[in-house]
Amino acid sequence: QGDGPLVFAAASLKNALDAANTAYAASGGAKATITYAASSALAKQIEAGAPADIFISADEDWMDYLAGKGLIQTTTRHDLLGNRLVLVAAADAKTSVEIKPGFALDQALDAAQKGGRLAVGDPAAVPAGKYAKAALTKLGAWDKVQDRLAPAENVRAALALVARGEAPLGIVYATDAAAEPGVRIVATFPADSHAPILYPIALAKDSVSAQAQAFLEFLASPKARPLFEAQGFTVLSAK
Amino acid sequence: MIDLGLATLGFGPDEVAAIHLSLKVAIWATLAALPPGIAVALALARGRFWGRDLLNGVIHLPLILPPVVTGYGLLLLMGRQGLIGKPLSSLGIVFAFNWTGAALAAGVMGFPLMVRAIRLSIEAVDAKLEQAAGTLGAPPVWVFATVTLPLMLPGVLAGSVLAFAKALGEFGATITFVSNIPGRTQTLSGAIYAYTQSPGGDAGALRLVAVSVALSLAALLLSETLARSVSRRIGGLS
Amino acid sequence: MIDLGLATLGFGPDEVAAIHLSLKVAIWATLAALPPGIAVALALARGRFWGRDLLNGVIHLPLILPPVVTGYGLLLLMGRQGLIGKPLSSLGIVFAFNWTGAALAAGVMGFPLMVRAIRLSIEAVDAKLEQAAGTLGAPPVWVFATVTLPLMLPGVLAGSVLAFAKALGEFGATITFVSNIPGRTQTLSGAIYAYTQSPGGDAGALRLVAVSVALSLAALLLSETLARSVSRRIGGLS
Amino acid sequence: MAGSPPPPPPSLDAPSLDMDVALRQGAFDLEAAVTAGPGLTVLFGQSGSGKSTLIDLVAGLRRPDRGRIAVGGVPLVDTASGLWLPPHRRRVGYVFQEARLLPHLTVRQNLLYGRWFARRHLTVEAPTLDSVADLLGIAPLLARRPAGLSGGEKARVALGRALLAAPRILLMDEPLAALDESRKAEILPYLERLRDQVGLPILYVTHAVAEVARLATTVVMLDQGRVRAVGAPSSLWSRPDLMDLTGGAEAGSLLDAVVGERTGDGLIPLDTPAGRILVPHLPTELAPGSRTRLRIPARDVLLSDRAPQGLSALNILPGVVSDVRLEEDGSRVVRLDCVGATVLARVTGTSAAALAIAPGRPLWAIVKAVALDPAT
Amino acid sequence: MAGSPPPPPPSLDAPSLDMDVALRQGAFDLEAAVTAGPGLTVLFGQSGSGKSTLIDLVAGLRRPDRGRIAVGGVPLVDTASGLWLPPHRRRVGYVFQEARLLPHLTVRQNLLYGRWFARRHLTVEAPTLDSVADLLGIAPLLARRPAGLSGGEKARVALGRALLAAPRILLMDEPLAALDESRKAEILPYLERLRDQVGLPILYVTHAVAEVARLATTVVMLDQGRVRAVGAPSSLWSRPDLMDLTGGAEAGSLLDAVVGERTGDGLIPLDTPAGRILVPHLPTELAPGSRTRLRIPARDVLLSDRAPQGLSALNILPGVVSDVRLEEDGSRVVRLDCVGATVLARVTGTSAAALAIAPGRPLWAIVKAVALDPAT
Ligand SMILES: Nc1ncnc2c1ncn2[C@@H]1O[C@H](COP(=O)(O)OP(=O)(O)OP(=O)(O)O)[C@@H](O)[C@H]1O
Ligand SMILES: Nc1ncnc2c1ncn2[C@@H]1O[C@H](COP(=O)(O)OP(=O)(O)OP(=O)(O)O)[C@@H](O)[C@H]1O
Ligand code: MOO
Ligand SMILES: [Mg+2]
Ligand SMILES: [Mg+2]
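Under the annotation held in an unreviewed UniProt entry, chain B carries the name Molybdenum transport system permease and is attributed to Nitrospirillum iridis. According to the UniProt record, the Function (unreviewed entry) comment for chain B reads "Part of the binding-protein-dependent transport system for molybdenum; probably responsible for the translocation of the substrate across the membrane."

Colleague: Where do I start with the coordination of the magnesium ion (ligand 4) in this structure?
Modeller: When a metal carries six donors in an octahedron, the ideal angles between them are 90 or 180 degrees, while four donors in a tetrahedron ideally lie at 109.5 degrees. Only S52 of chain D (OG) and Q97 of chain D (OE1) from the protein reach the magnesium ion (ligand 4) as donors, at distances of 1.9 to 2.2 Å. Residue S52 of chain D is located in helix 1 (residues 51-59), and its partner Q97 of chain D is located in the loop between strand 7 (92-95) and helix 2 (107-112); the two are separated by 45 residues in the primary sequence.

Colleague: Looking at this structure, I do not really get helix 7 (residues 155-163) of chain A. What am I missing?
Modeller: Counting along an α-helix, one turn takes 3.6 residues, and residues three or four places apart therefore face a common direction. Residues and elements named next belong to chain A. Taking burial as the measure, the 9 residues of helix 7 include 8 buried ones, the bulk of the element. Here helix 7 has its buried residues at V155, R156, A157, A158, L159, A160, L161 and V162. Between the side-chain oxygen at the start of helix 7 and the backbone nitrogen of A157 there is a gap of 2.9 Å, and the oxygen is on N154. Trailing helix 7 by a residue or two, G165 shows a phi angle of about 80°, which is positive.

Colleague: I tried to follow the site of ligand 2 on my own but got confused; where do I start?
Modeller: Lining the immediate environment of ligand 2, one finds 21 residues, of which S52 and T53 of chain D together with S150, G152 and E153 of chain E sit closest. With respect to ligand 2, its neighbouring residues span chains D and E. One of the backbone nitrogen or oxygen atoms of K51 of chain D is found 2.7 Å away from an oxygen atom of ligand 2. Side-chain polar atom of S150 of chain E to an oxygen atom of ligand 2: 2.6 Å apart, as the coordinates give it.

Colleague: So what exactly am I meant to see when it comes to the interface of chain E and chain D here?
Modeller: Size of an interface: often given as the accessible area lost when the parts come together. Tallying the contact residues gives 51 residues for chain E and 50 residues for chain D. Where chain E abuts chain D, roughly 4,300 Å² becomes buried across the two surfaces, and 52% of that area is made up of carbon and sulfur atoms. The interface formed by chain E and chain D holds 0 salt bridges in total. At the surface where chain E touches chain D, the tally comes to 10 residue pairs in polar contact (both at pLDDT 80 or more).

Colleague: Help me understand the coordination of the magnesium ion (ligand 5) in this model?
Modeller: Donor atoms from the polypeptide that bind the magnesium ion (ligand 5) are S52 of chain E (OG) and Q97 of chain E (OE1), placed at 1.9 to 2.2 Å. You can call Q97 of chain E partly exposed: its relative accessible area is 26%.

Colleague: Can you walk me through the relation of the copies chain E and chain D in this structure?
Modeller: The two chain copies are connected by a rotation around an axis plus a translation along it. When chain E is fitted to chain D, the best match, at an RMSD of 0.2 Å, comes from turning it 180° and sliding it 0.1 Å along the axis. Classification of the inter-copy transformation places it as that of a two-fold axis. Taken together, the interface assignments show that 98% of the residues at the interface of chain E recur at the interface of chain D, consistent with an identical surface on both copies.

Colleague: Hey, could you run me through the UniProt feature "transmembrane region" (unreviewed entry) in chain B in this one?
Modeller: Those places that UniProt annotates as "transmembrane region" (unreviewed entry) correspond, in this numbering, to residues 25-45, 57-79, 91-115, 136-165 and 205-223 of chain B. Span residues 91-115 of chain B is 68% helix and 0% strand, its end C-alpha atoms 29 Å apart.

Colleague: How do you make sense of the sheet that holds strand 1 (residues 6-10) of chain A when you look at a structure like this?
Modeller: Sheets are built from strands paired through backbone hydrogen bonds, the pairs being either parallel or antiparallel. Residues and elements named next belong to chain A. Ordered in space as 2-1-3-10-4-11, the 6 strands form an open sheet in which the pairing is mixed. Looking along the sheet, the strands with just one partner apiece sit at the ends: strand 2 (33-37) and strand 11 (234-235). Sheet topology note: the strand 4 (residues 72-83)/strand 11 ladder contains 2 bridges and is antiparallel. Bridge pairing in strand 11 links L81 to V235. The strands touched by helix 1 (residues 14-26) within the sheet are strand 1, strand 2 and strand 3 (54-56), with strand 2 carrying the most contacts at an inclination of about 180°.

Colleague: Looking at this structure, how should I read the pattern of salt bridges?
Modeller: If charged atoms from side chains of opposite charge come close, those side chains can pair. Evaluation of the coordinates by the stated rule reveals 51 salt bridges over all chains. Across the pair R228 of chain B and E224 of chain B runs a salt bridge, and its minimum N-O distance is 3.9 Å. Note that R228 of chain B and E224 of chain B are positioned in helix 11 (residues 202-235) at a spacing of 4 residues, about one turn of the helix. R228 of chain B gets classed as partly exposed once you look at its relative accessible area, which sits at 32%. We note a salt bridge from R226 of chain D to D29 of chain D, for which the minimum N-O separation is 3.4 Å. Linking R226 of chain D in strand 11 (residues 226-231) with D29 of chain D in strand 2 (residues 28-36), this pair joins segments that are 197 residues apart in sequence. R226 of chain D gets classed as partly exposed once you look at its relative accessible area, which sits at 27%.

Colleague: Please explain the site of ligand 3 as it appears in this structure.
Modeller: Taken together, P67, M109, K166 and E170 of chain B together with P67, M109, K166 and E170 of chain C make up all the residues around ligand 3. This site is not confined to one chain, since residues near ligand 3 come from chains B and C. K166 of chain B is positioned with one of its side-chain polar atoms (N or O) 2.6 Å from an oxygen atom of ligand 3. Contact distances for ligand 3 include 3.1 Å between an oxygen atom and a side-chain N or O atom of E170 of chain C. By residue class, the composition of the shell around ligand 3 is 4 nonpolar, no polar and 4 charged.

Colleague: Please explain a nonpolar patch on the surface as it appears in this structure.
Modeller: Residue and element names in this part refer to chain B. Among the surface-exposed residues, L77, L83 and I84 lie close enough to one another that they form a single nonpolar patch of about 290 Å² accessible area. Its location among the elements puts L83 in the loop between helix 3 (67-78) and helix 4 (85-90). For L83, a relative accessible area of 70% puts it in the exposed group.

Colleague: Is there a simple way to think about the side chain of T175 of chain A in this case?
Modeller: With respect to the element layout, T175 of chain A can be found in helix 8 (residues 174-179). In this structure the side chain of T175 of chain A is engaged in a polar contact, spanning 2.9 Å, whose partner is the side chain of N83 of chain A.

Colleague: Just to check I follow, could you spell out the sheet that holds strand 14 (residues 275-279) of chain E for this structure?
Modeller: Residues and elements named next belong to chain E. Across the sheet, which stays open at both edges, the 4 strands sit in the order 14-13-12-15 with antiparallel pairing between neighbours. The open sheet is flanked by strand 14 and strand 15 (291-297), the only strands paired with a single partner. Averaged over all adjacent pairs, the angle separating strand axes in this sheet is 40°, with direction ignored. Sheet topology places strand 12 (residues 252-259) next to strand 13 (residues 268-272); 2 bridges connect them, and they run antiparallel. Each residue of the ladder has a partner; that of V259, found in strand 13, is L270.

Colleague: Help me understand the arrangement of the chains in this model?
Modeller: Of all 8 pairs of chains in contact, the one with the most contacts involves chains D and E. Separated without contact, chain A and chain D have their nearest C-alpha atoms at a distance of 48 Å. When C-alpha atoms are compared, chain A and chain E, though not in contact, are closest at a spacing of 49 Å.

Colleague: Help me out: how do you make sense of unusual backbone geometry in this one?
Modeller: Glycine aside, residues mostly have negative phi, and peptide bonds are mostly found in the trans state. The backbone of S179 of chain C shows a phi angle near 65°, a positive value even though the residue is not glycine. Within the secondary structure, S179 of chain C sits in the loop between helix 9 (172-178) and helix 10 (188-197). You can call S179 of chain C buried: its relative accessible area is 1%. In this structure, R100 of chain E takes a positive phi of about 55° despite not being glycine. Position of R100 of chain E relative to the elements: it lies in the loop between strand 7 (92-95) and helix 2 (107-112). On the basis of relative accessible area, R100 of chain E is assigned to the buried category, the value being 11%.

Colleague: Is there a simple way to think about the environment of V347 of chain E in this case?
Modeller: Residue and element names in this part refer to chain E. Among the structural elements, V347 can be located in strand 19 (residues 341-347). On the basis of relative accessible area, V347 is assigned to the buried category, the value being 1%. Through-space distance from the C-alpha of V347 to that of R276 is 24 Å; in sequence the pair is 71 residues apart.

Colleague: Please clarify how helix 8 (residues 153-169) of chain B should be interpreted in this entry.
Modeller: The first and last C-alpha atoms of helix 8 of chain B sit 24 Å apart over 17 residues, in line with the 24 Å expected at 1.5 Å per residue. Burial analysis of helix 8 of chain B places 15 of its 17 residues in the buried class, which makes it a mostly covered element.

Colleague: Would you mind showing me how to read the environment of S322 of chain D here?
Modeller: Residue and element names in this part refer to chain D. Counting through the fold element by element, S322 comes out in strand 17 (residues 315-326). Exposure remark for S322: the relative accessible area of 32% places this residue in the partly exposed category. For the pair formed by S322 and P359, sequence separation is 37 residues and the distance between their alpha carbons is 4.8 Å. Once residues within four sequence positions are removed from consideration, S322 is found in contact with R335, D337 and P359.

Colleague: Sorry if this is basic, but what is going on with the pairing of strand 5 (residues 74-78) of chain E here?
Modeller: Where a strand is regular, its side chains alternate between the two sheet faces. Residues and elements named next belong to chain E. Bridge analysis of strand 4 (residues 66-71) against strand 5 gives 4 bridges, and the strand direction is antiparallel. Bridge pairing links R68 to D78 in strand 5. Joining the antiparallel neighbours strand 4 and strand 5 is a turn of 2 residues, in which G72 adopts a positive phi near 55°. For strand 5 and strand 6 (residues 83-84), the ladder comprises 2 bridges, and the chain directions are antiparallel. In the sheet register, V77 faces strand 6, and the bridge partner there is W84. The hairpin turn running from strand 5 into strand 6, its antiparallel successor, is 4 residues long, and G82 in that turn takes a positive phi close to 75°.

Thresholds, definitions, all that
Residues numbered from 1 in each chain as written. Chains lettered and ligands numbered in written order. Predicted model: local features only at pLDDT ≥ 70, side-chain atom pairs only at ≥ 80, totals over all residues. Heavy atoms only, no water. UniProt positions renumbered as here; feature names shortened; annotations may be inferred. Donors = N, O, S within 2.8 Å, 3.2 Å for Na, K, Ca; no water. Helix = DSSP H or I, 4+ residues; strand = E, 2+ residues; numbered from the N terminus. Buried < 20%, exposed > 50% of the residue type's maximum accessible area, 1.4 Å probe, protein only. Polar contact = N/O pair within 3.5 Å; in protein donor to acceptor, adjacent residues only side chain to side chain. Near = heavy atom within 4 Å. Contact = heavy atoms within 4.5 Å. Buried area = accessible area lost by both parts, 1.4 Å probe. Salt bridge = Lys/Arg side-chain N within 4 Å of Asp/Glu carboxyl O. Least-squares fit on C-alpha atoms with pLDDT ≥ 70 in both. Pairing = 2+ DSSP bridges. Axes fitted to C-alpha atoms, helices over the stretch in contact; angles between N-to-C directions. Nonpolar A, V, L, I, M, F, W, Y, C, P; charged D, E, K, R; others polar. Patch = residues over 30% accessible without salt bridge, like charges linked within 9 Å, V, L, I, M, F, W, Y side chains within 5 Å. Areas by Shrake-Rupley, 256 points an atom, 1.4 Å probe, with all protein chains shown as cover. Expected span 1.5 Å × (residues − 1).

Structural data, given as structure tokens:
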């Protein structure tokens, strides 16, 4: 794949990064090779010596994990993108919920479907699930729904549960909700209800590609910004 | 379900639940897959019908496809709004977010393995023996039950072990179909997966892996013992 | 690798690469697993040695464990820094983040399926025929090659098909072991997975699923045809 | 059917087997019309002549390309009308050429396998497990499994299994080939009883002329898939044109006989068309008045030009030479008409010359009494 | 070994088979010491007496619990020293009781299977594929696979396969049981030639007395896993204590004979201890001067109190009664000493009384020439 950099990126970035990569190539850069997988898998692979030049994680934890092992160039680390957490329902559902402290999410679930469940990324494993848990806890709704979760392997699976009507409501990223015609955004979580949703980026310690730094800079450049925004991301580090 | 006394071994309540659930799911998945598994194996081994190759292809799908895709497929077919799931759920049979769904997913994933093993055994049964039983007045169903089935037992055992092991290991399709609800649909594999996804979860994962391996080994040993006693009989040293 | 002319069918270059790679990986995984698969099946079916049950348990591990765990296991063992991977890589044999690693992962995942099928067939071979060949002067290795092997062909075929299909479908262990690097380690399943992870990727996933199914069906049909010609011979209608 | 003239029904009863079939398998082409009365019909012919194939057709294990088969008036298959009775509804007791025992069942279970389906057809005379096991000498094997049995033991279990299934017809493919003489001697009377008293029609394959002589009501001679001849053994074994099948060295005559009352010195007279013949013993089942058959091998008959004196042979039959045939080996097969029945004698060229044997010459046939034992 | 007295070596040559083994399988207990010279050794005994087991031991397909086996001086197994030659290095040609053909190979490939390993041992006289296929009548089957063959066809292919493997010893377990008479008549002379000209030691299981008479150099009588008797057939078949095994009805005498020059009228004289006996033909392989054996069934012998006249029988042997035994059925088996050799005759009670048969009485035994044909 040419001499472009090898990028390890969280799977949820696929659409946006593919677009950015194409633009980068069009602007004369050596096209990057981008590997999408779960942040956890990518981090462990880098630990095991994967020849990645750039790592983009879906949360801070796995970046911290590698930083702790000295496997990234900490000076290059910065938060590239931000995301929002939203509550979604099936596109044809009439549910309406207002997110505010103490809101009765359990009743909303029951109203939509008796005993219905809340689809989320697995709070024990998936970043989106962790954010959802934090937000619901902050808003005082966690206790009401923690027994009524449908923890999925990843955000996309949670989204599918909602789109297929298995779960009446779900908590996913704004970016995922925007691209799925089967769901409708019911409400957006206040930004202060959870830790900022960040996608940190950094060069790997053993990065060899001369193009890595250039690609990293391109992603943070204004040229890439609209491509990310088109997918619903908040661009945090545009210079 | 029997209490394995795991709580006293330092396993958390969710872990204990996951272990019990895994056993329940694996046993039911295996048992439930057995009758259709035998029927399909029989059809593939002996039948000469239109659509045989299609059937063969379809049952291999769970093997060919990434488990996540199979999980989506189950969601589409057997989910609350699914083609088959909808009528079934009006009958009160609900797979969604239920251990039965986990068993279904595990059964489907193990199905091609089970069918192959059984089919191989059926093909090794000497049709001349079945003919002999027929001339003695036994109608085909009886011949099947008293001759074919006992003689294909090695394959049935092997297929069951494969399906059981696969049911313990399966998680991609399960988590996609019925999610990973602790105490309800979270099997051992789901719990292990959750551990592997959080930094520092390795020790927990390893502990559960050990349980999973122990369960499978027990099943393996049991099946080997059964198979040996069967073959000793047929082999002659009466 | 032959050019399937896929680019003209509207597949992107990474997709074409994934399809080619999947075929390469699946074929190599199957071929490479065959000799050890036959050896292990033979040992399990016929051998009476210490550690037989242990061996049996170990080869079933990839089935029992969540694929991710198997992938981690491979990473630990066969990775660049791994117990076995390190000495091997100093010999120039590198699995990590290489298509060979994908083949290794696929081979390992398919191994229990292959061994079971072959073992079942070996157990169905009539030892009296091997004895007869022995009295005609054929030493054991020759008897194996000219009697046992041909007679267990159905199992070898079935095992190969299972391993091939599994290799096409495997992704959990592969992605964990060698990641999902387009053009390098990204197989069809990895590409499908990546699609399912991106909003709006369903259409792309579906397209690749179709390719995957088509490839497996072709392999299935081929194996069925071979098996039929084998059994027709033995069955008599010469 | 072409090539096989319809044989005369060998009995006055309704035929118990009536088949007219054609089947092609590989290069082998079977085209046979067989009508056999009740009693035991031997299929006789060289290896590969189609005997097992024919039996398989009756059992329903092979399908004819065309033709029909009926047993005791019940049609089993008729390709013209598309009739096909599956094997398990034909009630045949099939003793296969290879034993085909069920390997996962004990000998007892093998023997009783057909019993459940036969339960509605069991009569008081139906053989029991114990009686069959005793007859066949397999009582000590009942708890064993087939894999460890000797060849002859397997053959006996297979035989017992068929007998216990209360069949409507017995199909036996060389059932005694693996057995020793003493075992055969025990089983043969039992088969005769099945044939005569139980009236079970039996289709029986054998290469042993002794079994033909002892058992056959009718013989069907098969030759390369075609029926060469059908008839009572006594008529076929005296036909010179069939000697390639009946076996030159084995040539002999078969005489129908009626059993008489035992005489004072313990001999039993048999009334044959050729005269009264005394034999020392008979199977116990043969009561006075019953019909049996004697086989007299041509080589066991002495010819004399005078009524002999002081000889241990008791049976001396006067007759007239009707035919002399020169054999390849130089010996002569002499056909002697003894009051309507035919007795064959084989003599050397030297003897033929010394006795001036020629058609029309009156001679005495001397047969040792014991040579006539129908048990042979 | 207990229960089996060591038999005298039946020939002056070094024994070609020397075994002394014990083996227990299930309830069956084999304990046998057999020393057999070159030539053909028949294992004779009832079903289940251990014949196949014994052959398996020689082939190396079963292991004795203890004992040793040597063929032609080469030890094959010796449990005392731990010696064990695996089957493929024993160079046996084994014709199994069931054919055991390799189902995935054609008939030709089956026949040639052992050829590669035999290549170093092939002599110019070694049979070729073509010669064996012709002998056995399986040439038209060469391209077929075993599954479609008839029972007798399978048996013949199995026989051919063993013959083509250039074995050092032939082990044949009822090789002709499934064959018709004419086929047997073609194969028997071939086996004789192997025995006499090629000098191949043969261990041969059969239930057919005719095959024993024709082929056996030595007979080993097995009875429930023990050797009851060993010896030349002529001696065993005249021993009254063995009649339960040799078969009452089949009792007869076996005479050793030397072939003489064909006489003018085409008869061949055989010189036996009992006198000169004329037979019409012999297997072509038997040249003047060669040794053979005649079997005279007791029931084929007539006794006369005077030298007979005008009879077709050519062979009249004078003798003296040495023993009369009353059989269960009332007949008498008369032992006649004819110049040192023994001839058995079976006569009815009536005849015995009429001829006043008692030890010491001189009588004439009348045997039809053709009854002496060694081919029977
Ligand atoms: N594995 C076994 N377990 C128990 N008994 C056995 C086993 N194998 C053989 N036998 C017994 O040993 C005896 C001898 O068997 P073998 O096959 O040698 O008999 P055989 O003389 O060849 O008889 P046949 O003439 O019927 O073939 C039989 O009674 C048989 O049942
Ligand atoms: N499936 C087949 N394909 C081709 N030829 C076959 C098939 N089955 C049987 N035959 C041939 O048909 C002929 C008749 O076979 P069959 O078994 O009826 O013979 P048989 O008279 O029973 O002989 P035997 O006395 O040797 O058992 C044989 O020559 C055999 O080779
Ligand atoms: O088919 Mo998997 O990758 O073992 O869950
Ligand atoms: Mg046959
Ligand atoms: Mg035997």
